[in-house]
Amino acid sequence: MRTRNFILIACLGALLFLPFLGRVHLFDWDEINFAESAREMLLTHKYSFLQINFQPFYEKPPFFIWVQALSMSLFGVNEFAARLPNAIIGIITLLLVFSIGSKLINEKFGWIWVLCYIGSFLPHFYFKTGLIDPLFNLFTFAGIYQFVLLTNLENLKASKNYTRAVLAGIFIGLAILTKGPVALLVTLFCVSFYWVTVRFKPVIPFKCLAVFLVCGFIVSCAWFGLNTIKNGPVFLYAFIERQVELFKNPDAGHGGPFYFHFIVLFFGCFPASVFMFSAFRNDTAETYPVLNMKKWMIILLFTILLIFSIVKTKIIHYSSLAYFPITFLGAYGIFKLWMSEIKPKRTLAIILIFICLVVSTVIAAIPFIGQHINIIAPYIQDNFGKAALNADVHWSGLESLVGIAYFLLFTIGVFLFFRKRLKIQGAALLLMAGAIFVQCALYVFAPKIEVYSQKAAIDFFIERQHEDCYVAVWGYKSYAQLFYTKKNPPTDSTIVNDGDMVFKPHIPKPVYIVTKVDNTDAVNGFTHNQGFRLIGNENGFVFLKKEAGK
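As the structure is a prediction and not an experimental result, all values here were calculated from the model.

Let us now look at the pairing of strand β4 (residues 511-516). Of all the six residues making up β4, five are buried; the element is thus mostly covered by neighbouring parts of the structure. Relative to β4, strand β3 (residues 470-473) runs parallel, the two sharing four bridges. Within the sheet, the bridge partner assigned to Val471 lies in β4 and is Tyr512. With six bridges joining them, β4 and strand β6 (residues 541-546) adopt antiparallel strand pairing. Looking at the pairing, Lys516 lines up with Phe541 of β6.

This is how it looks when you write it as structure tokens:
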């Protein structure tokens, strides 16, 4: 029976996460950033460190890029290969949460947790991307889960405790190799907070904690240490400096209020984020392993919110590790309501339907707004935004059915859930409604969003792939000109960036510049003083060219 459930979950994950991975181009910055590092890794055969524009890249360790490079070596350098690793990680994640849930309570709870994960917006969405976070989150959660088990093993053999400590060290070490030492920071914070909740009792033997730290150190040193020995401490210093900079200052405008991640997680993890409040109250019938798991998940959620609310750079996926505790608590809240251990309140139904109505209305209104851009144009302040809205995007109006269908299915699920004999059917329907909604929204809206945001520039870069030329962006940050022109390593070591050729006389080959309509001074300077001519202007992007020899 359990094997059949694993097969069904793997097939469900494949059905949701694999289709249409290459439907739209990779998005700036992060998706293209990581894919470009993997492309350059394959091109130069330099696997021991990361590069961007064939220069050392100090912001991330290499594990996820290795995985992407492997995918690209099998399926080619394209969007599908860049996003495939996370689709596979998504399937593994669903199998993991089902396995944990089944062992903790039963297989029914394991299924509810799986449905909570795929039925919540952001947890589902990130498995369709080429971002680092799903793999980092999987390793970090797997490591912290070993501490959950370790604190359940007070009556078992000490050797079992050491096994858990070793596994925790391996998983956290891999997480460090994926995204950096924040994995260790989160884990140690969680252990410390747990220690406080048990009033400083030695529930985690000191020797086990030492084994964990040693194993994590050994695994992470497989790259950090060897790279430092081979290339010196330059990378380590630059990496640490970059992490401190992200902590202290908003990066490239990615700032936000202290409560940023509270809002993102509440709405991004809907409906699990609403159901999780039903799980907070302890029940006398709950077993110690269940209570212990709840405690660890609440601590993990609190730790993530604390750390990333303090960090000045606010990016949505920074708090994505919280998807595990939120979906667990949401699933347990549904399970308790289903088992009638607590009586559902009408307030819960009102909140669920109200939030669903808001989301559905926004989605259903997008096509109308797309057909009547003049409604929002006066509220757009920057010139690039105004120009981008003039993109030729066809809205038939039928796209609104995505939001309408989601509201209808979700509402029916809520009403069924509040009927005594149809709770599990209602929960399954409202959660699957979320999964279907994410799929449909991505399929229908993602290509249109890309046209507004970046497609004109991407198409321009693709057209330069077979031309011997320099291509640079000016006045904004992008990695698209590297990935989509399929840039080769420079033959002249004195030329680091193609933009370096802008001010040089007698250039050996043409130079193209892509900038935005906001940069009028730069455009005027290039055309009047640097020998460039305007060759195009589309959706807020301006395209300039300087002929060879000038």
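The structure having been displayed, the exposition proceeds.
Right, let's talk about unusual backbone geometry for a bit. Residue Asp28 is joined to Trp29 through a cis peptide bond whose omega torsion reads -5 degrees. Structurally, the position occupied by Trp29 is in the loop between α1 (2-17) and α2 (30-44). Residue Phe270 is joined to Pro271 through a cis peptide bond whose omega torsion reads 5 degrees. The phi dihedral of Arg199 is positive, around 60 degrees, even though this residue is not glycine. Counting through the fold element by element, Arg199 comes out in the loop between α9 (182-197) and α10 (206-221). Despite not being glycine, Lys486 has its phi angle at roughly 55 degrees, a positive value. Residue class for Lys486 comes out partly exposed when judged on its relative accessible area of 44%.

Right, let's talk about empty space enclosed by the protein for a bit. Under the counting rule described, the total for this entry stands at one cavity of 30 Å³ or more. Counted as a void, the largest cavity has a volume near 60 Å³. Taken together, Thr93, Tyr117, Pro123, Tyr126, Phe127, Pro134, Asn137, Leu138, Tyr323 and Phe324 make up the lining of the largest cavity. Those elements giving two or more residues to the lining of the largest cavity turn out to be α7 (133-150) and α16 (323-338). Top element by residues in the lining of the largest cavity is α7. It accounts for three residues.

This paragraph deals with the pairing of β6. Within β6, six of the six residues are buried, which leaves the element mostly enclosed by the surrounding structure. Here β6 shows a buried face lined by Phe541, Phe543 and Lys545 and a second buried face lined by Val542, Leu544 and Lys546. Summarising the sheet, strand β5 (residues 533-538) and β6 pair through five bridges and their orientation is antiparallel. The partner of Leu534 across the bridge, within β6, is Leu544. The turn joining β5 and β6, which pair antiparallel and follow one another in sequence, is formed by two residues; a positive phi near 50 degrees is taken by Asn539.

In this structure the tally under the stated criterion is twelve salt bridges. Residue Arg39 pairs with Glu36 through a salt bridge whose shortest N-O separation is 2.8 Å. Here Glu36 and Arg39 lie together in helix α2, a separation of three residues that amounts to about one turn. Of the two residues, Arg39 and Glu36, neither departs from the other in class, the shared state being buried. A salt bridge links Glu286 to Lys336; the nearest nitrogen and oxygen atoms lie 3.4 Å apart. A residue pair is termed long-range when its members are at least 10 positions apart, and Glu286 in the loop between α14 (272-275) and α15 (288-310) and Lys336 in helix α16 qualify at 50 residues. Residues Glu286 and Lys336 agree in their burial class; the two are buried. Put simply, Glu286, Lys294 and Lys336 are held in one network by salt bridges that share partners.

Cut-offs used in this document
- Residues numbered from 1 in each chain as written.
- Predicted model: local features only at pLDDT ≥ 70, side-chain atom pairs only at ≥ 80, totals over all residues.
- Heavy atoms only, no water.
- Buried < 20%, exposed > 50% of the residue type's maximum accessible area, 1.4 Å probe, protein only.
- Helix = DSSP H or I, 4+ residues; strand = E, 2+ residues; numbered from the N terminus.
- Pairing = 2+ DSSP bridges.
- 1 Å grid on protein atoms, 1.4 Å probe; cavity = no way out; pocket = protein on both sides within 12 Å on 5 of 7 lines; lining within 4 Å.
- Points joined across faces, edges and corners; volume = space filled by probe spheres on them.
- Salt bridge = Lys/Arg side-chain N within 4 Å of Asp/Glu carboxyl O.

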